[in-house]
There are 2 protein chains.
Amino acid sequence: MPRLWNDTIESHREAVRHATLDATAALVAEHGLASVTMSKIAEATGIGRATLYKYFPDIEAILTAWHERQIGAHLHQLTRIRDQGGDIGERLKAVLMAFAMISHQRHDADLAALLHRGDHVVRAHQRLRDLVGELLAEGAESGALRSDIAPDELASYCLHALTAAGALPTKAAVSRLVEVTLDGLRPVARG
Amino acid sequence: MPRLWNDTIESHREAVRHATLDATAALVAEHGLASVTMSKIAEATGIGRATLYKYFPDIEAILTAWHERQIGAHLHQLTRIRDQGGDIGERLKAVLMAFAMISHQRHDADLAALLHRGDHVVRAHQRLRDLVGELLAEGAESGALRSDIAPDELASYCLHALTAAGALPTKAAVSRLVEVTLDGLRPVARG
């Protein structure tokens, strides 16, 4: 087959995959996880049930693929924000604020319970800790942040503290959470 | 029936209930959640399978009862520590350290995924936030802690930050996490 034809098939497959994930996310958001079936997903995607099974063996595989796509997009967003420039304090604050807003807007607790131990989540958490840890190391070196505790421990502190954003009612409360979390990172003179 | 007899039956029932929860926790810890069955639980408890079903309809009911008992014990422990005396800074630090150690020692991620949305967990989290929030309010009034942010928001920050203890390798690292978290609670002069 000519290369162009292969590319066309591949891009068609990608389009069907993405459409399936979008349709599933919409069904889950509207009707809840428990009521979603492969038939309903196929119908909402606009493909046959047999075709759907050629792409995904079951609902969990679709949800995992959707979750991987979400996490990938979030990491991409945080990386872009980190690379925007400004001093280390500004960049760190921007990254932490963006992460807190992601936690604030997530309403996929059902999904998290189902999926949160997947390998893709473990890998994504590691990349997130690395991203934040590198900023904290840079801040410690420049004297803007505390240097008495290892950056990876501080990264873990930050990311856990900011997941409190999930239960906060307003963006103003999320901003305050980011400030408090940052206050834990400042250099301290302990007597 | 005489009252004494009723008491005896009741305390026998309690003993069977507790023995069932202990046996189940031991089975889950040793073999993992997926391999536990009602038959194995009955055998490990030393009662018949039919008797077990008089106490609990299924494994999830047993796990929920076990989890409720655990959470109750933790809240009781934290309340006792809060009431031990000392200044507000010492009491807060002792409560937060105890909570962090509980998070550090918990290895029930499977169970959490299964149960974490239960009503008993929601109520326990609320009591925990209240307990910590009251200490933070007292600290803000005395000037020992920051007063620019509401105590319930700060309580949520604390408790989420301290859940990072679950992934920390050592007790020393847990101590450092508690210090960092407390540093976020100190009064701040912002320019």
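Rules used throughout
Residues numbered from 1 in each chain as written. Chains lettered and ligands numbered in written order. Predicted model: local features only at pLDDT ≥ 70, side-chain atom pairs only at ≥ 80, totals over all residues. Heavy atoms only, no water. Helix = DSSP H or I, 4+ residues; strand = E, 2+ residues; numbered from the N terminus. Contact = heavy atoms within 4.5 Å. Salt bridge = Lys/Arg side-chain N within 4 Å of Asp/Glu carboxyl O. Buried < 20%, exposed > 50% of the residue type's maximum accessible area, 1.4 Å probe, protein only. UniProt positions renumbered as here; feature names shortened; annotations may be inferred. Core = buried A, V, L, I, M, F, W, Y, C linked by side-chain atoms within 4.5 Å. Domains from an automatic or database assignment. Buried area = accessible area lost by both parts, 1.4 Å probe. Phe/Tyr/Trp six-rings, centres within 6.5 Å; stacked < 30°, edge-to-face > 60°. Axes fitted to C-alpha atoms, helices over the stretch in contact; angles between N-to-C directions. Parallel < 35°, antiparallel > 145°, perpendicular 65-115°, else oblique. Left-handed = near helix turned anticlockwise from the far one by under 90°. Expected span 1.5 Å × (residues − 1). Disulfide = S-S within 2.5 Å. Nonpolar A, V, L, I, M, F, W, Y, C, P; charged D, E, K, R; others polar.

Per an unreviewed UniProt entry, chain A goes by TetR/AcrR family transcriptional regulator and derives from Phenylobacterium conjunctum.

(A) Expanded view of the side chain of Ser156(B). Within the fold, Ser156(B) resides in helix α8 (residues 151-162). Here Ser156(B) is in contact with Ala164(A) and Arg129(B), once residues within four sequence places are set aside.

(B) Looking closely at the pattern of salt bridges. All names here are of chain B. Summed over the entire model, instances satisfying the criterion amount to 19 salt bridges over all chains. In this structure, the salt-bridge partner of Arg-69 is Asp-22, at a minimum N-O distance of 2.6 Å. Taken as a pair, Arg-69 in helix α4 (residues 59-82) and Asp-22 in helix α1 (residues 3-31) lie far apart in primary sequence, 47 residues in all. Owing to a relative accessible area of 42%, Asp-22 belongs among the partly exposed residues under this scheme. The salt bridge partner of Arg-146 is Asp-148, with a shortest N-O separation of 2.9 Å. What makes Asp-148 partly exposed here is its relative accessible area of 44%.

(C) Representation of the UniProt feature "DNA-binding region" (unreviewed entry) in chain A in the model. What UniProt calls "DNA-binding region" (unreviewed entry) maps, in this numbering, to residues 37-56 of chain A. The span residues 37-56 of chain A is 75% helix and 0% strand, and its two end C-alpha atoms sit 12 Å from each other.

(D) Structural view of the UniProt feature "domain: HTH tetR-type" (unreviewed entry) in chain A. With numbering aligned to this structure, UniProt lists the feature "domain: HTH tetR-type" (unreviewed entry) at residues 14-74 of chain A. The span residues 14-74 of chain A is 80% helix and 0% strand, and its two end C-alpha atoms sit 20 Å from each other.

(E) A look at the nonpolar core. Of all hydrophobic cores here, the largest spans 78 residues; its most connected members are Leu96(A), Leu136(A), Leu185(A), Leu96(B), Leu136(B) and Leu185(B). In this structure Leu96(A) touches Val132(A), Cys158(A), Leu162(A), Val178(A), Leu182(A) and Leu185(A), once residues within four positions along its chain are discounted.

(F) How the structure looks around the domain arrangement of chain A. Residues and elements named next belong to chain A. Per the domain assignment, the segments making up chain A are domain 1 (1-57) and domain 2 (58-191). If you average the C-alpha positions of domain 1 and of domain 2, the two centres end up 31 Å apart. With 16 residues of domain 1 in contact, the opposing surface of domain 2 contributes eleven residues. The largest share of the area that domain 1 buries against domain 2 comes from Leu-21, Leu-33 and Pro-57, three residues that together contribute 46% of it. For the interface between domain 1 and domain 2, the tally reads one salt bridge.

(G) Main features of the packing of aromatic side chains. Inspection of the entire model under this criterion finds one aromatic pair over all chains. Geometrically, the ring pair formed by Tyr157(A) and Tyr157(B) is edge-to-face, given 6.4 Å between the ring centres and 90° between the ring planes. Here Tyr157(B) lies in helix α8 and Tyr157(A) lies in helix α8 (residues 151-162), a pairing that spans two chains.

(H) Focus on the packing of helix α5 (residues 88-105) of chain B against helix α9 (residues 171-183) of chain B. Residues and elements named next belong to chain B. Where α5 meets α9, the axes come as close as 10 Å, and the angle between the chain directions of the two elements is 135°. Taken together, the axes of α5 and α9 lie oblique to each other. The hand of the α5/α9 crossing is right-handed. Each of Leu-92, Lys-93, Leu-96, Met-97, Ala-100, Met-101 and His-104 in α5 lies in contact with α9, whose residues at this interface are Lys-171, Val-174, Ser-175, Val-178, Glu-179 and Leu-182.

(I) Just helix α9 (residues 171-183) of chain A, in detail. End to end, α9(A) covers 19 Å across 13 residues, agreeing with the expected 18 Å (1.5 Å per residue, within 8%). Buried within α9(A) we find Ala173(A), Val174(A), Leu177(A), Val178(A), Glu179(A), Val180(A), Thr181(A), Leu182(A) and Asp183(A).

(J) Geometry of helix α7 (residues 119-142) of chain B. All names here are of chain B. Given a rise of 1.5 Å per residue, 24 residues ought to cover 34 Å, and the 35 Å separating the end C-alpha atoms of α7 matches this to within 8%. Turning to α7, its buried residues number three or more, namely His-120, Val-121, Ala-124, Leu-128, Leu-131, Val-132, Gly-133, Leu-135, Leu-136, Gly-139 and Ala-140. Gly-143 sits one or two residues past α7 and shows a positive phi near 90°.

(K) Looking closely at the state of the cysteines. Scanning the model with the defined rule gives zero disulfides over all chains in all. For Cys158(A), which is in no disulfide, the shortest distance to another cysteine sulfur is to Cys158(B) and amounts to 14 Å. According to the relative accessible area criterion, Cys158(A) is buried, its value standing at 0%.

(L) The packing of helix α5 (residues 88-105) of chain A against α8(A), seen in detail. Residue and element names in this part refer to chain A. Between α5 and α8, the shortest axis-to-axis distance is 9 Å and the interhelical angle comes to 40°. By the criterion of interaxial angle, the relationship of α5 to α8 is oblique. On the side of α5, the interface is formed by Leu-96, Phe-99, Ala-100 and Ser-103, while α8 contributes Cys-158, Leu-159 and Leu-162. Among the residues forming the contact of α5 with α8, the class breakdown is six nonpolar, one polar and no charged.

(M) Examining the environment of Ala165(B) more closely. All names here are of chain B. Topologically, Ala-165 is positioned in the loop between α8 and α9. On the basis of relative accessible area, Ala-165 is assigned to the buried category, the value being 0%. In this structure, the C-alpha to C-alpha distance between Ala-165 and Ile-102, residues 63 residues apart in sequence, is 8.6 Å. When sequence neighbours within four positions are dropped, the list of residues in contact with Ala-165 reads Ala-100, Ser-103, His-104, Val-174 and Leu-177.

(N) Local environment of the environment of Thr51(A). Residues and elements named next belong to chain A. With respect to the helices and strands, Thr-51 occurs in helix α3 (residues 49-55). Relative accessible area serves as the criterion here: at 32%, Thr-51 is assigned to the partly exposed category. Between the C-alpha atoms of Thr-51 and Glu-138, which are 87 residues apart in sequence, the distance is 50 Å.

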